[in-house]
Amino acid sequence: MNLVFLGPAGSGKGTQAKKLEADFGVVQISTGDLLRDAVRMGTELGQQADPLMKQGKLVPDDLVVGIIEERFQRGGLEKGFLLDGFPRTLPQAEALDGMLERNGLKIDKVLSLEVPEELLYERITGRRSCPKCGTVYHVSNAPPKRMGFCDVEGEPLVQRSDDSPEKLANRLEVFRTEIPKVKEHYARMGLLAEIHGVGTPDGIYTEIRKALGR
Ligand code: AP5
Ligand code: MG
């Protein structure tokens with residue numbers, strides 16, 4: 001099962017990806033997570049991406065396409081993959097088509113998580129995560145057992161540098177400009193499924209499974 005998740009910041013791509021990973025063994029490939037790793041490690045890619053990500057702007061297409069290409073080459077995707085946050089532009093979608101063809105792969109479904117913008121501010125500003133294991137929490141929707149600390153690692157939780165209301169406004173603006181073209185591309189291919197992304201994470205997951213027929 002090879003999937004793509006489209007959806008604005010805070011729409012729940014990461015949250016739902018973890019559920020699909022646990023139930024079906026598909027591998028989550030999040031360009032945001034891979035870029036943040038590169039920033040932490042201080043690689044050349046990380047140095048190029050860091051200022052753009054901090055402002056909520058897109059990283060250039062050739063860089064993210066390169067990350068995906070590299071990930072496909074590493075393998076281990078026999079049970080399938082789930083692209084979280086890629087493609088985000090039409091050129092990225094077209095580059096992905098080419099990559100899949102070269103690797104003898106195909107996308108089974110493109111899931112677009114639809115969430116009204118006013119809900120995204122609350123989700124994004126309340127998000128906290130563990131710097132060690134990456135577990136994601138929300139101060140009110142999904143709080144840790146001990147406020148401010150990871151349930152798994154006991155580490156103090158941190159907030160992403162792009163999770164302020166100002167940066168979120170930039171991220172949503174970019175999303176509004178680019179994503180309609182990506183959605184049209186996949187609708188033409190008959191792969192697009194729009195998912196109502198409001199409600200509990202489990203309720204939304206049920207909708208996703210229905211769309212996948214699983
Ligand atoms: P990325 O990391 O992908 O960020 P994003 O797209 O803005 O999405 P988020 O990770 O913020 O949200 P999410 O949908 O995963 O939500 P989550 O499940 O965590 O990208 C970051 C940056 O990297 C980009 O801005 C760009 O600079 C760069 N980049 C990445 N990919 C790129 C590309 N392809 N091209 C160019 N640049 C790229 O949920 C959010 C919060 O809400 C959590 O606290 C969660 O607990 C809570 N929550 C989840 N579901 C629910 C629910 N149903 N009800 C209530 N709360 C919920
Ligand atoms: Mg995410």
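Refer to the structure printed above.
Structural notes, computed from the coordinates.

What counts and how
- Positions within a chain are numbered from 1, following the residues in the order the chain's sequence is written.
- The lettering of chains begins at A and the numbering of ligands begins at 1, in the order of writing.
- Side-chain atom pairs in this predicted model are given and counted only at pLDDT of 80 or more, local residue features only at pLDDT of at least 70, and totals for whole chains, interfaces and linings cover all residues.
- Neither water nor hydrogens contribute to the side-chain values; these are computed over all heavy atoms in the structure.
- Each residue is tested against the molecule or strand, and it is near if at least one of its non-hydrogen atoms lies within 4 Å.
- We call two N or O atoms a polar contact when they sit within 3.5 Å, provided that within protein one can donate a hydrogen and the other can accept it, with sequence-adjacent residues counted only if both atoms are side-chain atoms.
- What sets the accessible areas is the Shrake-Rupley method with a 1.4 Å probe; for residues, cover comes only from the shown protein chains.
- Comment: elements are numbered from the N terminus, with helices defined as DSSP H or I runs of at least four residues and strands as E runs of at least two.
- Three classes are used: nonpolar for Ala, Val, Leu, Ile, Met, Phe, Trp, Tyr, Cys and Pro, charged for Asp, Glu, Lys and Arg, and polar for all others, with Gly counted as polar.
- By the convention used here, residues are in contact when the closest approach between their heavy atoms is within 4.5 Å.
- Only buried residues count toward a nonpolar core, which is a set of Ala, Val, Leu, Ile, Met, Phe, Trp, Tyr and Cys residues joined through side-chain atoms within 4.5 Å.
- Accessibility here uses a 1.4 Å probe with only protein chains present; expressed as a share of the type maximum, an area under 20% marks a residue as buried, one over 50% as exposed, and anything in between as partly exposed.

To continue, consider the site of ligand 1. What surrounds ligand 1 is a group of 35 residues, the closest being Thr15, Lys57, Arg88, Arg127 and Arg171. At 2.9 Å, a side-chain N or O of Arg36 approaches an oxygen atom of ligand 1. At a separation of 2.9 Å, a nitrogen atom of ligand 1 approaches a polar side-chain atom of Gln92. The fraction of the free accessible surface of ligand 1 (1,000 Å²) that becomes covered by protein chains is 95%. Contributing elements (two or more residues each) for the shell around ligand 1: helix 1 (13-24), helix 2 (31-41), helix 6 (117-125), strand 6 (136-138) and helix 8 (201-212). If one sorts the elements of the shell around ligand 1 by residue count, helix 2 sits on top with four residues. Split into classes, the residues belonging to the shell around ligand 1 amount to 13 nonpolar, 13 polar and nine charged.

Quick look at the environment of Glu21 now. By the element assignment, Glu21 lies in helix 1. The sequence separation of Glu21 and Ser140 amounts to 119 residues, and the corresponding C-alpha distance is 24 Å. Look past the residues within four positions of Glu21 in its chain and what remains in contact with it is Val26, Val27 and Gln28.

Before going further, it helps to examine unusual backbone geometry. That bond from Phe86 to Pro87 is cis: its omega, 0°, falls within 30 degrees of zero. Relative to the assigned elements, Pro87 resides in the loop between strand 3 (81-84) and helix 5 (90-102).

A separate point is the nonpolar core. Counting 27 residues, the largest nonpolar core has Phe72, Phe81, Leu83 and Phe86 as the members making the most contacts within it. The element contributing the most residues to this core is helix 4 (residues 61-74), with six residues. Sequence-distant contacts of Phe81, defined by excluding residues within four places in its chain, comprise Met1, Asn2, Leu3, Val26, Val27, Ile29, Phe72, Leu100, Leu105 and Ile107. Among the nonpolar cores identified, the runner-up in size contains 15 residues, and Ala17, Leu111, Ile208 and Leu212 belong to it.

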